[in-house]
Amino acid sequence: MRTDCARRAVRLRWPHLLAGVTLLLLAACGGGSSSTPAPPPALLSIAIAPAPATTGEGARQQLTITGTYSDQTTGPVTSGLAWMSDNDAVATVDASGLATGVSPGTASIMATHTAPDLTDTVTLTVTILQTITVTPDSGSFPQGGALQFTAMGQYSDTTTQTLAVADWSTDDPNVATVDAAGLAHSVTTGSANITATHARSGFSGSTTVTVTPPTGITYW
């Protein structure tokens, strides 16, 4: 009788013992409870690149921001930023950090980050435009087609940059027209001069475009 009672007592206690062992193992392994994720590293400082920066009048320079974080890492910062120039007569800057050279000189470009409040400033030098070249040189394309032209500026620091600020024109719109971005559209066969002009400096560059007969059509 005593043996049977002991056996029943062991059977009754066994599930409770097993549950207790399971809880101890989970606690030892870190299981059974959710852990709080670590907070993201804090942004400590920002830096504008390139520094110092240079662009030509009528040309553009993209400025970027690199952040330094509390975990000793660095990375690009693209949100929470405001840009400004202290001299719009020399250079302007848009909301994405794209700076445009207006006239020769220097301007301070500032980037401000909110939450946390951080700032950095870079000096942007705008160099003097000396000549303009239009490419491609002496291009040709068939009637009904289009051809993209680019104005390249040569500057006082010996660099060559794409001229982003230019007025485009054609001397014969009956042969080819050209839009504000330098894209020429053919009208009829013939030749026309395509010109890019930088209004502030007065410099210009030209090229001759030839419109050929439509592809697949033979004139007798």
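No experiment lies behind these values; they were computed from the predicted model shown.

(A) Inspection of the pattern of salt bridges at higher detail. On inspection of all chains with the given rule, the structure shows 1 salt bridge. In this structure, the salt-bridge partner of R200 is E57, at a minimum N-O distance of 2.7 Å. Pair noted here: R200 is in the loop between β19 (190–197) and β20 (204–212) and E57 is in the loop between β2 (53–56) and β3 (60–62), with a separation of 143 residues, a long-range link. The partly exposed category is assigned to R200, whose relative accessible area is 48%. What makes E57 buried here is its relative accessible area of 1%.

(B) Focus on the sheet that holds strand β14 (residues 150–155). Spatial strand order, β11-β14-β15: 3 strands in an open sheet with antiparallel pairing. With one partner strand each, in any of the chains shown, β11 (129–135) and β15 (160–162) form the two edges of the open sheet. On average, each strand axis in the sheet is tilted by 30 degrees relative to the strand beside it, whichever way the strands run. Strand direction decides the pairing type here: β11 and β14, joined by 6 bridges, are antiparallel.

(C) Summary view of the nonpolar core. By size, the foremost hydrophobic cluster in this structure holds 21 residues, and its most contacted members are F149, L163, W168 and V209. For this core, the secondary-structure elements that each account for two or more residues are β11, β14, β17 (176–178), β19 and β20. Those residues within four positions of L163 in sequence are excluded, and the remaining contacts are E57, G58, L129, I132, A151, M152, G153, Y155 and H198.

(D) Up close: the pairing of β14. Across 3 bridges, the pairing between β14 and β15 is antiparallel. Within β15, the residue paired with G153 across the bridge is Q161. Hairpin connection from β14 to β15: 4 residues lie between these consecutive antiparallel strands, with T158 at a positive phi of about 70 degrees.

(E) Summary view of the side chain of S186. Inspection of the secondary structure assignment puts S186 in strand β18 (residues 183–186). Exposure remark for S186: the relative accessible area of 12% places this residue in the buried category. Among the polar contacts listed, one links the side chain of S186 to the backbone oxygen of P142, at a separation of 3.1 Å. One polar contact links the side chain of S186 to the main-chain amide nitrogen of G145, over a distance of 3.0 Å. With near-sequence residues (within four places) excluded, S186 lies in contact with F141, P142, Q143, G144, G145, V175, A176 and V211.

(F) Spotlight on the environment of V77. By the element assignment, V77 lies in the loop between β5 (74–76) and β6 (81–85). By relative accessible area, which is 9% here, V77 ends up buried.

(G) How the structure looks around the confidence of the model for the protein. Of the residues in the protein, 82% reach a pLDDT of 70 or more, and the chain-wide mean stands at 88. Between residues 5–10, whose pLDDT stays under 50, and residues either more than four places distant or in other chains, the model counts 0 contacts. Contacts of residues 21–27 to residues separated by more than four positions or lying in other chains number 2 contacts, the stretch itself having pLDDT below 50.

Basis of the calculations
- Residues numbered from 1 in each chain as written.
- Predicted model: local features only at pLDDT ≥ 70, side-chain atom pairs only at ≥ 80, totals over all residues.
- Heavy atoms only, no water.
- Salt bridge = Lys/Arg side-chain N within 4 Å of Asp/Glu carboxyl O.
- Helix = DSSP H or I, 4+ residues; strand = E, 2+ residues; numbered from the N terminus.
- Buried < 20%, exposed > 50% of the residue type's maximum accessible area, 1.4 Å probe, protein only.
- Pairing = 2+ DSSP bridges.
- Axes fitted to C-alpha atoms, helices over the stretch in contact; angles between N-to-C directions.
- Core = buried A, V, L, I, M, F, W, Y, C linked by side-chain atoms within 4.5 Å.
- Contact = heavy atoms within 4.5 Å.
- Polar contact = N/O pair within 3.5 Å; in protein donor to acceptor, adjacent residues only side chain to side chain.
- pLDDT = per-residue confidence, 0-100.

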